[in-house]
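Here is how the chains run, residue by residue.
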Amino acid sequence: MSNLKMKEAALIYLDRSGGLQKFIDDCKYYNDSKQSYAVYRFKILINPSDVVELDAELGNHILHQPLKAAEVFQSVCFIAVKTLSLIGQLQTETQINIVLKLTHLPPLPSYGLDLCEFPLDYTSQRFYVMQGIVIAMTTVTKYTQGARFLCSDEACPLSKGFQYIRVHVPGATESATIRNDFLCNLCASSLQEDRKFRVLGDKQIVEIIATKALRAFQGYSNNQPFRFQSLTIFLRDESVNKMNIGNEYKIIGIPTCVKTSQTAVCIEANSITFCNSKVPSGISDNFRCLLSLTSSSCWKFTAILANIFASQITPPGTYNLLKLCLLMSLVQTTDRNKELEDCLDILIITSDTLLIDRYICDMNFYKY
């Protein structure tokens with residue numbers, strides 16, 4: 001009865017949120033396509049606050065047991081397809097792959113993943129949110145989104161049809177979807193993949209560092225090389241190429257433990273939100289506009305500033321490296337923390353001391 005109640009709540013939510021109409025439109029695309037599919041993938045946008053208000057149990061499943069919640073929506077969507085005759089080729093419920101995309105998580109401490117805290121909870125298979133800065137990323141590669149298997153025994157009734165469908169779930173490796181040691185539940189014969197029905201998707205791996213950790217080490221230097229502890233993020237399908245190196249993002253995902261030569265914690269990203277940099281008060285509107293126009297790159301803003309800095313002394317485009325160093329020294333100088341006031345030392349070797357003096361005077365003008 002509890003499961004039936006959640007299915008009813010899921011259907012009501014889809015109807016109220018417009019997700020049901022989007023689902024019907026997606027089904028029409030599949031039904032009109034001449035291509036044969038083993039897996040039909042549907043993305044459903046979920047607002048946890050609205051779901052919890054509608055049905056607390058379903059909302060709790062979405063937040064804390066997302067894989068089971070996806071099964072509830074899978075059952076609802078399968079019944080809708082069969083009742084409304086939306087996809088003629090669909091045979092089994094396992095052919096429907098439901099991906100729940102969350103708009104946000106409750107602003108509570110228990111939903112935040114903080115790399116500065118220990119131990120990390122990566123066994124609960126539920127959603128967390130974290131904020132970090134991208135430091136590295138790979139190119140886009142392919143992964144197996146879904147596959148069809150058949151019993152190798154031709155006399156077995158499961159040697160036909162779509163009874164054995166395997167799809168990727170958050171945190172699973174490629175071998176969890178594609179392997180050669182799966183057995184038939186009916187006759188215990190080995191299963192063979194029907195490769196012409198394999199569905200591929202896009203995958204990208206991104207490394208981020210926690211924003212809190214970066215801020216803690218700002219201005220710190222002991223002349224020793226060090227590396228920030230990073231976290232690996234897996235981006236899949238519509239999430240690939242949504243992140244840029246140097247930008248800050250808020251990521252909702254499911255932490256998983258990847259056992260390689262060294263056990264590492266990764267996050268299977270569910271949704272990504274770009275975090276606009278906070279501009280200090282007192283900055284002119286022109287600077288704010290320039291920052292917003294160059295936010296897609298981590299170098300454009302500083303390059304433009306270095307190019308136009310002290311243009312009344314030398315033409316734009318000259319001594320850019322020196323100008324950038326002076327601007328960095330200006331940014332690092334602050335009255336709020338005397339210990340970091342002179343953390344950036346600049347050694348300038350030149351025969352034109354007058355030009356350097358003018359640069360320094362111009363920098364002091366910007367400072368005061």
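Here the structure is shown first, and the text comes after it.
These numbers come from a predicted model, not from an experiment.

Caption draft 1: Local environment of the pattern of salt bridges. As enumerated under the stated definition, the model contains 11 salt bridges in all. The partner of R41 in a salt bridge is E238, with the nearest N and O atoms 3.3 Å apart. In this pair, R41 is assigned in strand β1 (residues 40–46) and E238 in the loop between β8 (231–236) and β9 (248–258), connecting sequence segments 197 residues apart. Given a relative accessible area of 26%, E238 falls into the partly exposed group. For R179, the salt bridge goes to D181, with nearest N and O atoms at 2.7 Å. Residue R179 is classed as partly exposed on the basis of its relative accessible area of 36%. Classification of D181 by relative accessible area gives partly exposed; the value is 44%. Here the residues in one salt-bridge network are R41, K101, D237 and E238, joined through shared partners.

Caption draft 2: View of the environment of N31. Examined against the element boundaries, N31 turns out to sit in helix α2 (residues 19–32). By relative accessible area, which is 33% here, N31 ends up partly exposed. Note: C-alpha distance between N31 and S85 (54 residues apart in sequence) is 9.7 Å. Discounting residues that sit within four places of it in the chain, N31 has contacts with L86, I87, G88 and Q89.

Caption draft 3: Here's a closer look at the nonpolar core. Core analysis: the biggest nonpolar cluster contains 39 residues, and F42, I46, L58, F73 and I87 have the highest contact counts within it. Within the residue set of this core, elements represented by two or more residues are α1 (2–17), α2, β1, α4 (56–64), α5 (66–84), β2 (96–102) and β9. Considering every element that reaches this core, the biggest residue donor is α5, with 9 residues. Each of domain 1 (1–103) and domain 2 (107–277) gives at least three residues to this core. Setting aside residues no more than four positions away along its own chain, F42 makes contact with F23, D26, C27, Y30, I87, I96, N97, I98 and V99.

Caption draft 4: Here's a closer look at the packing of helix α8 (residues 285–293) against helix α9 (residues 300–308). Orientation of α8 relative to α9, taken along the N-to-C sense of each, is 135°, at an axis distance of 9 Å. Looking at the two axes, α8 sits oblique to α9. For α8 against α9, the interelement crossing comes out right-handed. Here F287, L290 and L291 of α8 come into contact with α9, specifically with F301, I304 and L305.

Caption draft 5: Expanded view of the packing of aromatic side chains. Per the stated rule, a full pass over the model turns up 9 aromatic pairs. With centroids separated by 4.6 Å and ring planes inclined at 55°, the aromatic side chains of F23 and F42 adopt a geometry described as tilted. Taken as a pair, F23 in helix α2 and F42 in strand β1 lie far apart in primary sequence, 19 residues in all. Of the aromatic side chains, those joined through ring pairs into one cluster are F23, Y29, Y30, Y37, Y40 and F42. Just above the ring of Y128 sits the side chain of R126; from NZ or CZ to the centre is 4.2 Å. The side chain of R148 reaches across the aromatic face of F162, ending 4.2 Å from its centre.

Caption draft 6: Highlighting the side chain of N247. Note that N247 resides in the loop between β8 and β9. What makes N247 buried here is its relative accessible area of 8%.

Caption draft 7: Quick peek at the side chain of D55. Within the secondary structure, D55 sits in the loop between α3 (48–54) and α4. Buried within the structure, D55 lacks any salt-bridge partner; K5 is the closest side chain of opposite charge, at an N-O distance of 4.2 Å. Separated by 2.8 Å, the side chain of D55 and the backbone nitrogen of L58 make a polar contact.

Caption draft 8: Geometry of α2. In a regular helix each residue adds 1.5 Å, so 14 residues correspond to 20 Å; α2 covers 20 Å between its end C-alpha atoms and thus fits that length. For α2, every residue scored as buried is listed here: L20, F23, C27 and Y30. Down the axis of α2, the buried set is contained in an arc of 75°. They therefore lie on one face. Opposite the buried face of α2, by more than 90 degrees, sit the exposed residues K28 and Y29.

Caption draft 9: Highlighting unusual backbone geometry. Phi is positive for S85, which is not a glycine, with a value near 55°. Along the chain, S85 turns up in the loop between α5 and β2. According to the relative accessible area criterion, S85 is exposed, its value standing at 60%. Positive phi outside glycine occurs at D237, with the angle close to 55°. Judged by its relative accessible area of 15%, D237 falls in the buried class.

Conventions adopted
Residues numbered from 1 in each chain as written. Predicted model: local features only at pLDDT ≥ 70, side-chain atom pairs only at ≥ 80, totals over all residues. Heavy atoms only, no water. Salt bridge = Lys/Arg side-chain N within 4 Å of Asp/Glu carboxyl O. Helix = DSSP H or I, 4+ residues; strand = E, 2+ residues; numbered from the N terminus. Buried < 20%, exposed > 50% of the residue type's maximum accessible area, 1.4 Å probe, protein only. Contact = heavy atoms within 4.5 Å. Core = buried A, V, L, I, M, F, W, Y, C linked by side-chain atoms within 4.5 Å. Domains from an automatic or database assignment. Axes fitted to C-alpha atoms, helices over the stretch in contact; angles between N-to-C directions. Parallel < 35°, antiparallel > 145°, perpendicular 65-115°, else oblique. Left-handed = near helix turned anticlockwise from the far one by under 90°. Phe/Tyr/Trp six-rings, centres within 6.5 Å; stacked < 30°, edge-to-face > 60°. Lys NZ or Arg CZ within 6 Å of the ring centre and 35° of its normal. Lys, Arg positive; Asp, Glu negative; His and termini not counted. Polar contact = N/O pair within 3.5 Å; in protein donor to acceptor, adjacent residues only side chain to side chain. Expected span 1.5 Å × (residues − 1). Arc of directions from axis to C-beta.

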